[in-house]
Amino acid sequence: MTLRIDRLDCTLGKRRILRDLSGLEARPGEITALIGPNGAGKSTLLKAIAGIETASGRITLGEQTLDALSLERRSRLLYYLPQDTSTQAALSVFEAVLLARRTQIAEPVDSALSAVERALKSLELEPLAERELTVLSGGQRQRVAIAQAIVRRPKLLMLDEPTSALDLHHQLQVLDYLQRLARRERVVILLAIHDLNLAARFADHLWVVKQGLHVASGTPGQVLTQERLREVYAIEAHVEWPSDAPPRVTPLSALRQLGG
Ligand SMILES: Nc1ncnc2c1ncn2[C@@H]1O[C@H](COP(=O)(O)OP(=O)(O)OP(=O)(O)O)[C@@H](O)[C@H]1O
């Protein structure tokens, strides 16, 4: 079930945020990373695919035209994890993940409970199972939010900056887990991410968006060039693709400075 975006346009208030985005594809079994500067429209694009923001154009997942589906039917196929995972809900970690499962999948309680246990185990959240969500650290809450996402087994999983609050160990662990999940379950994973080293290492495919426009797409090796980083981010950067180590993107300097 490949995700395809064609002529997507989205206006919020009086501003045209997404401008005729076309030719974007995200395939099952792969991680597609959405990159671009602050305010480029990455979150808006994910929200438009999720049906949270209204957009014109065509969004298809396999044979299904997503924009023709009700929000409820869309939510059976896809899951969108927003950037902000803060919550006031008076629930334990276990209850929150169970609730995410139960609102989506009609099944016997035993099977729901074991799905929750598996999700908590996969993300090493078992020690936190009885903790209240409100007392968790930002990174712990982010991992719980990922557990809530995976327990629903969506065909399309969209995550907005899923590693922004995570320490280095958990960044690698979570992205490695998502990569294996995509491969094993043939899920389409689309994530917005600022860390280009992580994008280069874990994404199969990149989409670059700037000022609501599709600037480039392709493999990390095709997309992450010095010229493109200059054009998109206004930085000088050094890009290396060593054969015996992960790719490295080293920002050297910003081409515009703040202040006088
Ligand atoms: N509800 C809204 N009404 C009006 N403008 C909005 C609204 N939501 C977002 N925008 C504007 O749309 C533009 C794109 O925002 P978006 O959050 O999609 O960017 P982003 O690429 O995800 O940025 P970041 O990397 O900073 O998270 C921004 O200029 C933002 O101010």
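These figures come from a predicted structure and were not determined experimentally.

(A) Quick peek at the site of the ligand. The local shell around the ligand holds 13 residues, among which G39, K42, S43, T44 and H194 are the closest. Between the ligand and N38 there is a distance of 3.0 Å, counted from an oxygen atom to a side-chain nitrogen or oxygen. The separation between an oxygen atom of the ligand and a polar side-chain atom of S43 is 2.8 Å. Compared with its free state, where it exposes 640 Å², the ligand has 65% of that area covered by protein. Elements with a minimum of two residues in the shell around the ligand: β2 (15–21) and α1 (42–50). When residues of the shell around the ligand are assigned to their parent elements, the largest contribution, 3 residues, is made by α1.

(B) Local environment of the pattern of salt bridges. Applying the stated criterion across every chain, the model contains 13 salt bridges. A salt bridge links E25 to R4; the shortest N-O distance between them is 3.0 Å. In this pair, E25 sits in strand β3 (residues 24–26) while R4 sits in strand β1 (residues 3–12), placing the two residues 21 residues apart along the sequence. Take R4: its relative accessible area is 37%, and that puts it in the partly exposed class. Across the pair E240 and R248 runs a salt bridge, and its minimum N-O distance is 3.2 Å. A network of salt bridges, in which partner residues are shared, links R4, E25, R27 and E30.

What counts and how
- Along each chain, residues carry numbers from 1 onward, in the same order as the chain's sequence is written.
- Note on the predicted model: pLDDT of at least 70 is required for a residue's local features to be given, and 80 or more for side-chain atom pairs to be given and counted; whole-chain, interface and lining totals, by contrast, use all residues.
- Side-chain numbers here rest on the full set of heavy atoms in the structure, without hydrogens or water.
- By convention in this text, a residue qualifies as near a molecule or strand provided that one of its non-hydrogen atoms is within 4 Å of it.
- Under this definition, polar contacts are N or O atom pairs within 3.5 Å; protein pairs additionally need one hydrogen-donor-capable and one acceptor-capable atom, and for neighbouring residues in sequence, both atoms have to be side-chain atoms.
- Throughout, the Shrake-Rupley method with a 1.4 Å probe supplies accessible areas, and for residues the shown protein chains are the sole cover considered.
- Think of it this way: any DSSP run of H or I at least four residues long counts as a helix, any run of E at least two long counts as a strand, and we number them from the N terminus.
- The salt bridge criterion pairs a side-chain nitrogen of Lys or Arg with a carboxyl oxygen of Asp or Glu, the two atoms within 4 Å.
- For the exposure calls, accessible area comes from a 1.4 Å probe over protein chains only, and a residue counts as buried if that area is under 20% of its type's maximum, exposed if over 50%, partly exposed in between.

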